[in-house]
Amino acid sequence: PRLLSQFFFADERVTRVVAEINGLDAELDPQQYLVLLNQLHLSQAHLLAILDQIMQECIPTQRHSRDYLVKFPEELLVDSLGNHMLFAAECLLAGTFLEMEEADGAQLRPQARNLLCSLELVRTVLREQSLSQPSSYPEPVQAVLIQFDRLFAEFELSYVSSLVGVKSPEEIYRQQEIIVLFCETVERALRRGYLTQEMIDGYEPLLMFTIPRLAIISGLLIYPEGPLNLEQSPEEMSRVFSPFYNLLKKIRDLLRVLSVEELCLLERSLCTAE
C-alpha cells in the first residue's frame, strides 16, 4: 500500500517497456511496435498518477499553483493531459514539432529538456528512497519533487498557450458573471415557486432547459448590468452570448412590453415547456 513501493514497480514497468521498444526494429514488426507504444503510454500515465499522489502526500502545501487551468478550453481538461504533456516534451526534445510551428517548438525545447531531466532525477531519487526508507520523504526528496512540480506546470502552461487561445482574464471574469447570474436566477425561481429544492437535489433533467431560459430573462430585465448587458458591444460580451447579440436585443424589446402578470406567466411556461 505504500506509495513509494507502488512507484518502484510502476517505474520498473516503464523502464522495461522502453527497453523493449529500443530493442525492436519498428520496420520489421510495426504491429508489435504499436502495441509497445500503447503499453508505454499506459505505463507512463500510471507512473504520473502515482507521482501526483506522492506529491500530494509529501508536499501538499508546496505544490505549484494550477490556477491557470481555468484558462484552458474545457475539452483539454482530461485525465490524460499530464501524459500528453510528457509525450509532447519528449517529441520536442527529439526535434519533432507536433501540432505547432517549428519556431514555437524550438522556443519550448529548453523547457522540455529541463522537465524531462527533472523527471529522470525524480525517478532516480524515488527509486533509491523506495529501496531504503519507503515510508518517509526526507528534505532532499521534497526539494526534487517541488522542482519537478514547478517545471511541469510551467511547461504545461507554455505548451498549451502555444497551441490554443487560452482564456484571457476578461473572459474568465465574464464566465464568473454568468455563474453568478445562474445562481441568482435559481434563487429567484425558488422564491417565486417556479422551481423546487427537490427538483434541484434530484437533478431534474428539465432544469437543463429551464434554468438557462430563466437566466436569459433575468439577465435582460432584472440584472441588465450583468453578462447580458446589451449596452456593450458584442465583442465585450462573453463568447457564450455574443453570437446571439441581435436576437437578445429582439427578446429584450419583446419582454419590455409585457405586464408583470404576463411576465410571470411566461416564466412559468418556460419551466414546463420542452
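Residues numbered from 1 in each chain as written. Predicted model: local features only at pLDDT ≥ 70, side-chain atom pairs only at ≥ 80, totals over all residues. Heavy atoms only, no water.

Caption draft 1: Geometry of the packing of helix α2 (residues 30-58) against helix α4 (residues 102-132). Remark: α2 packs on α4, axes separated minimally by 13 Å, with the N-to-C direction vectors making an angle of 70°. Classified by the angle between their axes, α2 and α4 sit roughly perpendicular to one another. For the pair formed by α2 and α4, the contact residues are Leu47, Leu51 and Ile54 on the first element and Leu119, Val122, Arg123 and Leu126 on the second. Tallied by class, the residues present in the contact of α2 with α4 amount to six nonpolar, no polar and one charged. (Axes fitted to C-alpha atoms, helices over the stretch in contact; angles between N-to-C directions. Helix = DSSP H or I, 4+ residues; strand = E, 2+ residues; numbered from the N terminus. Parallel < 35°, antiparallel > 145°, perpendicular 65-115°, else oblique. Contact = heavy atoms within 4.5 Å. Nonpolar A, V, L, I, M, F, W, Y, C, P; charged D, E, K, R; others polar.)

Caption draft 2: Empty space enclosed by the protein, seen in detail. Tallied over the full model, the rule gives one cavity of 30 Å³ or more. Its boundaries defined by the atoms lining it, the largest cavity holds a volume of some 30 Å³. Taken together, Thr185, Arg188, Ala189, Tyr194, Leu214, Ser218 and Glu267 make up the lining of the largest cavity. Elements with a contribution of two residues or more to the lining of the largest cavity: α6 (169-191) and α8 (207-222). In terms of residue count, the dominant contributor to the lining of the largest cavity is α6 (three residues). (1 Å grid on protein atoms, 1.4 Å probe; cavity = no way out; pocket = protein on both sides within 12 Å on 5 of 7 lines; lining within 4 Å. Points joined across faces, edges and corners; volume = space filled by probe spheres on them.)

Caption draft 3: View of unusual backbone geometry. A positive phi angle is found at Tyr203, which is not glycine, with a value near 55°. Tracing the backbone shows Tyr203 in the loop between α7 (197-201) and α8.

Caption draft 4: Inspection of the confidence of the model for the protein chain at higher detail. In this model, the protein chain carries an average pLDDT of 89, and 97% of its residues clear a pLDDT of 70 or more. When the elements of the protein chain are averaged for pLDDT, helix α3 (residues 81-93) gives the smallest value, 87, and helix α1 (residues 3-22) the largest, 94. (pLDDT = per-residue confidence, 0-100.)

Caption draft 5: Looking closely at helix α9 (residues 245-256). The terminal C-alpha atoms of α9, which comprises twelve residues, lie 17 Å apart, in line with the 16 Å expected from a rise of 1.5 Å per residue. Looking only at α9, the buried set comprises Tyr245, Leu248, Arg252 and Leu255. On an axial view of α9, the arc spanned by its buried residues comes to 80°, and they lie on one face. For α9, exposure combined with an orientation more than 90 degrees from the buried face picks out Asn246, Lys250 and Leu254. Summarising the contacts, the buried residues of α9 are in contact with α8 and α10 (260-270). (Expected span 1.5 Å × (residues − 1). Buried < 20%, exposed > 50% of the residue type's maximum accessible area, 1.4 Å probe, protein only. Arc of directions from axis to C-beta.)

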